[in-house]
Amino acid sequence: MKLSKKNTIRFLILSVLLMVTGVQNISSYMVKYKEDWYKLYHVHYQQYPDDCIENIYWLEKAAQADFCNPLYANARISTEKQWEKYRYLFQMHIQLKLIEQHLRLGRTYDKKALYFYDAPWKDEYLRNIEKALSCYNAGLHYWKEALLWAEKANAKEFTFLFITELQNWEDERERIKTGSLDYKKMLEREITRLEKIQNDLIAMDSKSY
């Protein structure tokens, strides 16, 4: 059973509320602009679900926030066209990072394989599968957003305009353009695999082990 986008958001919000005290302690200085929120995003060497949820919170706040003055941007901005492309790249990059975090979070609940002796834990596994599927389906939503921003950044007027200080963002844009970066294909593959496991698990009964 797929969770709706609304339920996905509720799941994430409820998870974030569990760590609200920690979130409040970090706001000892003014966090207002997109660049400020993005600085709070970080990847741990060994990332646990709470780390992913925290990063999703920062990235969502970054996606919704206003840009700071170009003088304080994450790259040197000299022209209005650079500023325009910078904004498109930033929004695209945030969506891609949200996909990565949802993939990481989903994999912590993912039932990688189903065995004949799994029936006694059927309900628990099904709950975890629903969480994993909600993360993967949320990833598809962010991928659509990433494609929209990448398309804007790939406009003909930017063909010979590169923000070299953000080369990794430019690389992401180019990989989306050429199709070498395609999270839709990856996410749909994971969803199809997990839905089959979900259906097989639902069909299990006491006679299965």
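So, here's what we can say about the structure.

What counts and how
Residues numbered from 1 in each chain as written. Predicted model: local features only at pLDDT ≥ 70, side-chain atom pairs only at ≥ 80, totals over all residues. Heavy atoms only, no water. Helix = DSSP H or I, 4+ residues; strand = E, 2+ residues; numbered from the N terminus. Buried < 20%, exposed > 50% of the residue type's maximum accessible area, 1.4 Å probe, protein only. Contact = heavy atoms within 4.5 Å. Areas by Shrake-Rupley, 256 points an atom, 1.4 Å probe, with all protein chains shown as cover. Disulfide = S-S within 2.5 Å. Patch = residues over 30% accessible without salt bridge, like charges linked within 9 Å, V, L, I, M, F, W, Y side chains within 5 Å. Salt bridge = Lys/Arg side-chain N within 4 Å of Asp/Glu carboxyl O. Lys, Arg positive; Asp, Glu negative; His and termini not counted. Charge placed at Lys NZ, Arg CZ, Asp CG, Glu CD. Core = buried A, V, L, I, M, F, W, Y, C linked by side-chain atoms within 4.5 Å.

Helix and strand counts for the protein chain stand at eight helices and zero strands. Reading the helices (α) and strands (β) of the protein chain from amino to carboxyl end gives α-α-α-α-α-α-α-α. Across the 209 residues in the protein chain, those meeting the buried criterion constitute 45%. For the protein chain, the share of sequence-separated contacts (at least 6 apart) that also reach a separation of at least 24 residues comes to 81%. If you sum the accessible surface of the protein chain, you get close to 12,200 Å²; carbon and sulfur atoms cover 53% of it.

So, on to the state of the cysteines. In protein chemistry, a disulfide is the covalent bond that joins the sulfur atoms of two cysteines. According to the stated counting rule, one finds zero disulfides in the structure shown. Between Cys-135, a cysteine without a disulfide, and Cys-52, which holds the nearest cysteine sulfur, the sulfur-to-sulfur distance is 8.5 Å.

Among the surface-exposed residues, Arg-104, Arg-107, Lys-112, Lys-185 and Arg-189 lie close enough to one another that they form a single positively charged patch. Among the elements of the structure, helix H5 (80-109) and helix H8 (183-202) are those that each provide at least two residues to the positive patch. By secondary structure assignment, the location of Arg-104 is in helix H5. By relative accessible area, Arg-104 is classed as partly exposed at 36%.

What follows concerns the nonpolar core. In this structure, Tyr-86, Leu-96, Ile-99 and Tyr-183 are the most contacted members of the largest nonpolar core, which totals 58 residues. Elements supplying a minimum of two residues to this core: helix H3 (34-40), helix H4 (49-64), H5, helix H6 (122-153), helix H7 (167-178) and H8. Residue contacts for Tyr-183: discarding those within four places in its chain leaves Leu-96, Ile-99, Glu-100, Leu-103 and Trp-143.

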